[in-house]
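Fold and contact review
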Amino acid sequence: MQPGHIDVTAPPDRHLPGDCQAVGSILARIGDKWSVLVIMLLSDGPRRFNEIKRTVGGISQRMLTLTLRGLERDGLVTRTVYPTIPPRVDYELTELGHSLKAPVQHLGSWAFDHLPQIQSARERFDENSKDK
């Protein structure tokens with residue numbers, strides 16, 4: 001057996017480790033609890049900050065600000081400031097943001113459909129954990 005050249009580059013149909021990190025950061029953004037709720041709310045049309053805050057129960061002003069900035073940074077939401085007194089700011093999904101509506105709805109539907117099974121599994125797990 002003679003030493004030879006071994007091609008260790010990934011074939012074109014395979015992903016690279018850097019791809020996982022990039023995709024992971026996107027999934028972290030769109031998969032967090034507040035982003036999903038904001039995306040679904042904005043899928044019905046533009047909303048003002050306080051309207052979003054009122055509708056998305058339990059979110060703090062700071063967390064909503066961070067969520068909206070992150071979604072804007074990722075190109076999923078646009079922020080429009082109107083020169084009124086006081087200034088009016090509207091948030092709206094971009095075309096890219098609208099493309100998330102169907103996957104998020106499917107994920108939500110899956111969660112509702114499987115809620116009883118998941119609750120049962122959690123109860124079994126918690127009961128078994130007490131014994132250890």
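To start, this report covers the structure provided alongside it. Given the structure is predicted, the values throughout are model-derived calculations rather than measurements.

**Remarks on the overall build of the protein**
Broken down by element type, the protein carries seven helices and three strands. Relative to its full complement of 132 residues, the protein shows a buried share of 22%. A sequence separation of at least 24 residues applies to 44% of the contacts in the protein between residues at least 6 apart. When the accessible surface of the protein is summed, it comes to about 10,300 Å², and 56% of that surface belongs to carbon and sulfur atoms.

**Side note on unusual backbone geometry**
Here I85 and P86 are connected by a cis peptide whose omega angle stands at -10°. For P86, the position within the fold is in the loop between β2 (77-82) and β3 (88-93).

**Details of the pairing of β2**
Side-chain direction in a regular strand flips from residue to residue, so the side chains alternate between the two faces of the sheet. Across six bridges, β2 lies against β3 in antiparallel orientation. Each bridged residue has a counterpart across the sheet, and for T80 the counterpart in β3 is D90.

**Some points on the sheet that holds β2**
The strand order across the open sheet formed by three strands is β1-β3-β2, and the pairing between neighbours is antiparallel. At either end of the open sheet lies a strand with only one pairing partner, and these are β1 (47-48) and β2. Running at roughly 95° to β3, helix α2 (residues 33-42) makes contact with β1, β2 and β3 of the sheet.

**Re the pairing of β3**
As paired elements, β1 and β3 share two bridges and run antiparallel to each other. What sits directly across from R47, in β3, is Y91. Following β2, the chain reverses through five residues before pairing antiparallel with β3.

The rules behind the values
Residues numbered from 1 in each chain as written. Predicted model: local features only at pLDDT ≥ 70, side-chain atom pairs only at ≥ 80, totals over all residues. Heavy atoms only, no water. Helix = DSSP H or I, 4+ residues; strand = E, 2+ residues; numbered from the N terminus. Buried < 20%, exposed > 50% of the residue type's maximum accessible area, 1.4 Å probe, protein only. Contact = heavy atoms within 4.5 Å. Areas by Shrake-Rupley, 256 points an atom, 1.4 Å probe, with all protein chains shown as cover. Pairing = 2+ DSSP bridges. Axes fitted to C-alpha atoms, helices over the stretch in contact; angles between N-to-C directions.

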